[in-house]
Amino acid sequence: MTSAPGPVDQPHPAPSAVHTVPTDGGSGPGGFGPAGSGPGGSGPEGWPTTPPGGYPAPEPDRLTRFVLRLYERSPRWAVPLAAVGCVAIGMSYALLSNPTYADPDAAPTCLLKLTTGLDCPGCGGTRALWYVLHADLPAAARHHFLFVFALPFLAYLFVAWAGNQAFGWRLPELRISSKVIGGFLAAWLAFSVLRNLPWAPFTSLYV
């Protein structure tokens, strides 16, 4: 009758078969990080790993290098001046084209209104700008109320940014939270729907 082998009777491994655990970071076989991980210790063996020095930054193309070099060498007032030029071009177009007397299908035209007869969210904006430039705010609000409402805020933001960029002005910052922006977009969406309803008084909003 035999008994289960006790601790003394258990077979002991040969000295050559004993494995030691390294204490300098727990490298596995071959120095590839912890046991079961790939090179650098970033995951199991065979997984993609990050190079020790990180990934090299992509070389910018010629156009990007040209734009960056031009931006670094240009004076600080060049970018605000270019923005002012774009705004001036838009105002000049509104003044010269006189959209208040243009035909509905005159080019350039709104594709949504041309195909469906409905006002898009921006319909009436150019005419509203034309009336604002002629100091006729009631007529401007009649064509696009939300554009006239937002125009002073947009003008202040532009002046504050351009003045800071060109001359270092520190005008009071106009803080607009995400809730305010979301409320304005919701009001714009509601305005875009209401102006197309065929019942009074919404028919007065149709342009």
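Residues numbered from 1 in each chain as written. Predicted model: local features only at pLDDT ≥ 70, side-chain atom pairs only at ≥ 80, totals over all residues. Heavy atoms only, no water.

A. The environment of R142, seen in detail. Examined against the element boundaries, R142 turns out to sit in helix α5 (residues 137–143). Its relative accessible area of 38% is what places R142 among the partly exposed residues. Counting along the chain gives 64 residues from R142 to Y206, while the straight-line C-alpha distance between them is 8.9 Å. Apart from the residues lying within four places of it in its own chain, the contact partners of R142 are S204, L205, Y206 and V207. (Helix = DSSP H or I, 4+ residues; strand = E, 2+ residues; numbered from the N terminus. Buried < 20%, exposed > 50% of the residue type's maximum accessible area, 1.4 Å probe, protein only. Contact = heavy atoms within 4.5 Å.)

B. The arrangement of the packing of aromatic side chains in detail. Using the criterion set out here, one finds five aromatic pairs in the structure. Considering the side-chain rings of F184 and W188, the 6.0 Å spacing of their centres and the 55 degrees angle between planes classify their relative orientation as tilted. With F184 and W188 both in helix α7 (residues 178–194), this residue pair falls four residues apart, about one helical turn. Accessibility expressed as a relative area gives 30% for W188, which makes it partly exposed. K113 extends its terminal NZ or CZ atom over the ring of Y206, reaching a point 4.8 Å from the ring centre. (Phe/Tyr/Trp six-rings, centres within 6.5 Å; stacked < 30°, edge-to-face > 60°. Lys NZ or Arg CZ within 6 Å of the ring centre and 35° of its normal.)

C. Representation of the confidence of the model for the protein chain in the model. Taken residue by residue, the protein chain gives an average pLDDT of 79. The fraction at 70 or more is 71%. In the model of the protein chain, helix α1 (residues 62–73) stands out as the element of lowest mean pLDDT, 84, in contrast to α7, which has the highest, 94. (pLDDT = per-residue confidence, 0-100.)

D. A look at the nonpolar core. Judged by nonpolar contacts, A128, W130, Y131, A139, A140 and V148 together constitute the single largest core of six residues. Where this core is concerned, the elements lending two or more residues are α4 (125–133) and α5. A total of three residues in this core trace back to one element, the largest contributor, which is α4. Apart from residues no more than four positions distant in its own chain, A128 is found in contact with A140, H143, H144, F147 and V148. (Core = buried A, V, L, I, M, F, W, Y, C linked by side-chain atoms within 4.5 Å.)

E. Geometry of the pattern of salt bridges. Summed over the entire model, instances satisfying the criterion amount to three salt bridges. A salt bridge links D119 to R195, with the shortest nitrogen-to-oxygen separation between them at 3.8 Å. Of this pair, D119 sits in the loop between α3 (111–116) and α4 while R195 is found in the segment after α7, placing the two residues 76 residues apart along the sequence. Overall, the relative accessible area of 3% leaves D119 in the buried class. With a relative accessible area of 0%, R195 lands in the buried category. For R175, the salt bridge goes to E173, with nearest N and O atoms at 3.7 Å. It is possible to trace a salt-bridge network through shared partners that takes in K113, D119 and R195. (Salt bridge = Lys/Arg side-chain N within 4 Å of Asp/Glu carboxyl O.)

F. Up close: the packing of helix α6 (residues 145–167) against α7. Interaxial distance between α6 and α7 falls to 10 Å at its minimum, and their mutual angle equals 155 degrees. Looking at the two axes, α6 sits roughly antiparallel to α7. Contacts between α6 and α7 involve F145, L146, F149 and A150 on the former and, on the latter, F184, A187, W188 and F191. Residues that form the contact of α6 with α7 fall into these classes: eight nonpolar, no polar and no charged. (Axes fitted to C-alpha atoms, helices over the stretch in contact; angles between N-to-C directions. Parallel < 35°, antiparallel > 145°, perpendicular 65-115°, else oblique. Nonpolar A, V, L, I, M, F, W, Y, C, P; charged D, E, K, R; others polar.)

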